[in-house]
Amino acid sequence: MSDLAHAVDQVFRAGGILVRDFSMDYREQQHRYAMSVAEWLDGKTVAVSMLEGETGIGKSLAYLLPVAIHIAMKPGKCRCLISTYTVHLMHQLKSDANVINRVLDALDLRPVTIVTRLGRSQYVSAGRVLSLAERTADARCKERLLGWYDLVTRRYGEHVYTKYGTGPESLSAIESLESSVSLTEHCSREDARWYLSDCEAATKADIVLTSHTVTMLFARGVSIFGSDASMPFTHVVADEADRIADAAESIFRLRSSPTRIARIITEIGNTQNWKKADIKAACQALTELQVVLDELGLLYHEKTCVLTKELPLNAGARFHAVAEMARVRLKPLAKSISADNEVQYEKLTAIIGLYKSIKKTLGDKSRASCIAWSPVHRKGSIATDNPFAALNFSTYLRGIGDYQPPVSVLLTSGTLAVSGKHGRERFTPIRSTLGIKDPDVKFVGQFAPGDYGRIAFVLAGAVAKPFYACRDGEDAPYNPDWLGYTARMLAACTDQGATLCLCPSFLEVEELRSLLEHRHDIGFHQAGTRLDVLIRQLQAGDIRSIVTPSAWEGVSIRGPGGAQLLKNIMVTRIPVQPPSAVMESTFIAGYLEQGRSRQMAIRVLYSRVRERALRKFKQGLIGRGIRDSGDCITAYCADPRIGPGRQHNLTGVIPERFMHSFTHAAYFESEACSPPPRRVQEIVAWL
């Protein structure tokens, strides 16, 4: 046993440091997971470890502590980048720093430094907080904002992040609070001092906590973690690794309408240091570009988007000429933007976004760009996407430029895979998505608590499917019989106790609301409103249920003192999110360029869609209900395609410890009455 493995064993074993000095319970799976991390850290060559750790094993400490011990044993030789998808998890890891260093002290090792490196928008702008306070009429909100401003200007702490302001009830009345107070690239250096301080600290810290978005930007060669003199990372840990692809793709997803940008330029031109001649020239160029896009919409009247490189020769030449003129005319405006008026920040960002979209469309031949049209008015816009963006993650194994040598990578998550397979084969989908070769994977493992929570399942009985039969990609009207059945299931859950009902879309929430308008004890989360307001109403007992598409992950609804509050979790159906026309077109184009078939591209794309939907389903149905070892819930599902022996038997999705309960589930039956037929347009893709 190596020195590292021995030290990790001292910490996690029965009667070890965590049990003896911190009164924590011994967890066998946490111990095994930590020893697997130590084995990965002890490796002499660059290697990938893929460890799936379900909720309840104590995964965060099980990788954070071995990493810290390894760094403390090799001062000046090792650094680790830890990447997460949610800011909440990042802050949770930062809060563990005190425990980490107390454990290191018990091992007679030096302390390690742990800092966060978030994006600029996650930090508070003191100036914007003050400006918002001055504009706010509500006395309680004004007082709270002024107090927040005072904290940010005086000292560092959790209050320097935008998330700090979303908790207090006194600020719940402020719409879009985080975007209203977040730091922008146009804020002064004084306003950005905590952000800049974290950036500087990240160049030297032993452990840097950051987001998947920042991690993927770094993988693309964006200098984020300091100068070339900064010590490079030796290890990367990606928690919530199943969301790396989402973060990578979001970086490239842009859609901009020339007409809208021209209106913004005309509206705010007088507030910027722009010449009138430049404003006029830019608006004329954008108007001409919009005309070309709309004319192409008539040419492709049966499509919602088309790849720019597939345009006919003459049409393509005209588009590129007009787009190039728009780029030239926009450049002096985009390069001289100032945002002294913070209210205009979103509009100014939109101008920059269109400029970058056009520039990338014309200059990046490796990216498939599209012209997309709104379905009703056929107004054109420029859209870019990159469904293969996550492949760049593999650059960590090869080295990034001259400043970051190859590093060993640990991929971990509670839902790293949703397959009934075991061993290396189980993780093939995520490995392929991230561009990692099979020989690079040296360690794999699955870790699940043997006894953590209780779930009783209630599945859909004899009821029609959610949608009328139709081909993928066509308008799919809801089946009114299924909607009525789902509403009755929701009402029954609500009568039994506190319920969280998860839907795939706000559209579905609205459909259920229209059937249950008389139920004032059910809170329906509507688009543009804040979920935390409904959560507080549920905690206060003002309502008994919440229906939302926004709580599949990253939300924990607990009672006083962290006690269990929810009695039921209900899922209406698996949350399939079909790819957009732009995503599908660019994905197929990428496969065709590699000499593969269109059929293969579609098969792989929809396999990804299905896997993401099942992963989200697991996080919602299991992860929202079981948050503590003593939790006991009833899980309802209104989709008749889900269950043992049905289209979706959820093998590999339902944790093994709950499979007996799932295979012996009860079935919800109700009187066969239906609401009047309603036709609702929604795109679906079922495999």
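Residues numbered from 1 in each chain as written. Predicted model: local features only at pLDDT ≥ 70, side-chain atom pairs only at ≥ 80, totals over all residues. Heavy atoms only, no water.

Chemist: Run through the side chain of S256, naming residues and quoting values.
Modeler: Its location among the elements puts S256 in strand 6 (residues 254-256). With a relative accessible area of 8%, S256 lands in the buried category. Discounting chain neighbours no more than four positions away, the residues touching S256 are G353, L354, S357, S381 and I382. (Helix = DSSP H or I, 4+ residues; strand = E, 2+ residues; numbered from the N terminus. Buried < 20%, exposed > 50% of the residue type's maximum accessible area, 1.4 Å probe, protein only. Contact = heavy atoms within 4.5 Å.)

Chemist: Describe in detail the pairing of strand 13 (residues 499-502), supporting the description with residues and values.
Modeler: Side-chain alternation along strand 13 places T499 and C501 on one buried face and L500 and L502 on a second face that is also buried. Here strand 13 runs beside strand 15 (residues 545-548); their pairing, made up of four bridges, is parallel. Pairing of C501 across the sheet is with V547, part of strand 15. The pairing of strand 13 with strand 16 (residues 568-571) spans four bridges and is parallel. Within strand 16, the residue paired with L502 across the bridge is V571. (Pairing = 2+ DSSP bridges.)

Chemist: Break down the sheet that holds strand 12 (residues 454-460) for me, with residues and values.
Modeler: Strand order in the open sheet made by the seven strands is 14-15-13-16-17-12-18, with parallel pairing throughout. Every other strand in the sheet has two partners, leaving strand 14 (522-524) and strand 18 (666-668) as the edge strands with one partner each. The sheet shows a mean angle of 20° between the axes of neighbouring strands, taken without regard to direction. The strands touched by helix 19 (residues 480-496) are strand 12, strand 13, strand 14, strand 15, strand 16, strand 17 (632-637) and strand 18; relative to strand 16, the strand with the most contacts, the crossing angle is about 170°. (Axes fitted to C-alpha atoms, helices over the stretch in contact; angles between N-to-C directions.)

Chemist: Report on the confidence of the model for the protein, specifying residues and quantitative values.
Modeler: Chain-level statistics for the protein give a pLDDT mean of 86 and a share of 91% at 70 or above. Confidence drops under a pLDDT of 50 for residues 339-343, and excluding neighbours within four residues, the segment shows seven contacts in the predicted structure. Scored below 50 in pLDDT, residues 672-687 makes 53 contacts in the model with residues more than four places away or belonging to other chains. (pLDDT = per-residue confidence, 0-100.)

Chemist: Outline the pattern of salt bridges, listing residues and values.
Modeler: When the charged atoms of two side chains with opposite charge come close together, those side chains can pair. Tallied over the full model, the rule gives 34 salt bridges. K59 serves as the salt-bridge partner of D239, at 4.0 Å between the closest nitrogen and oxygen. Remark: K59 occurs in helix 4 (residues 59-73) and D239 occurs in the loop between strand 5 (235-238) and helix 12 (244-252); sequence separation between them is 180 residues. For K59, a relative accessible area of 15% puts it in the buried group. Linked by salt bridges that have partners in common, R243, D246, E249, R253, D385, E553, R608 and R612 make up one network. (Salt bridge = Lys/Arg side-chain N within 4 Å of Asp/Glu carboxyl O.)

Chemist: Run through the sheet that holds strand 7 (residues 305-307), naming residues and quoting values.
Modeler: The strand order 6-9-8-7 describes an open sheet built from four strands, whose pairing is antiparallel. Across the chains shown, the open sheet's two edge strands, defined by having one partner strand only, are strand 6 and strand 7. With direction set aside, neighbouring strand axes in the sheet form an average angle of 25°. With three bridges joining them, strand 7 and strand 8 (residues 369-373) adopt antiparallel strand pairing. Within the sheet, the bridge partner assigned to L307 lies in strand 8 and is C370. Contacting strand 7, strand 8 and strand 9 (380-384), helix 22 (residues 581-593) runs over the sheet at an angle of about 25° to strand 7.

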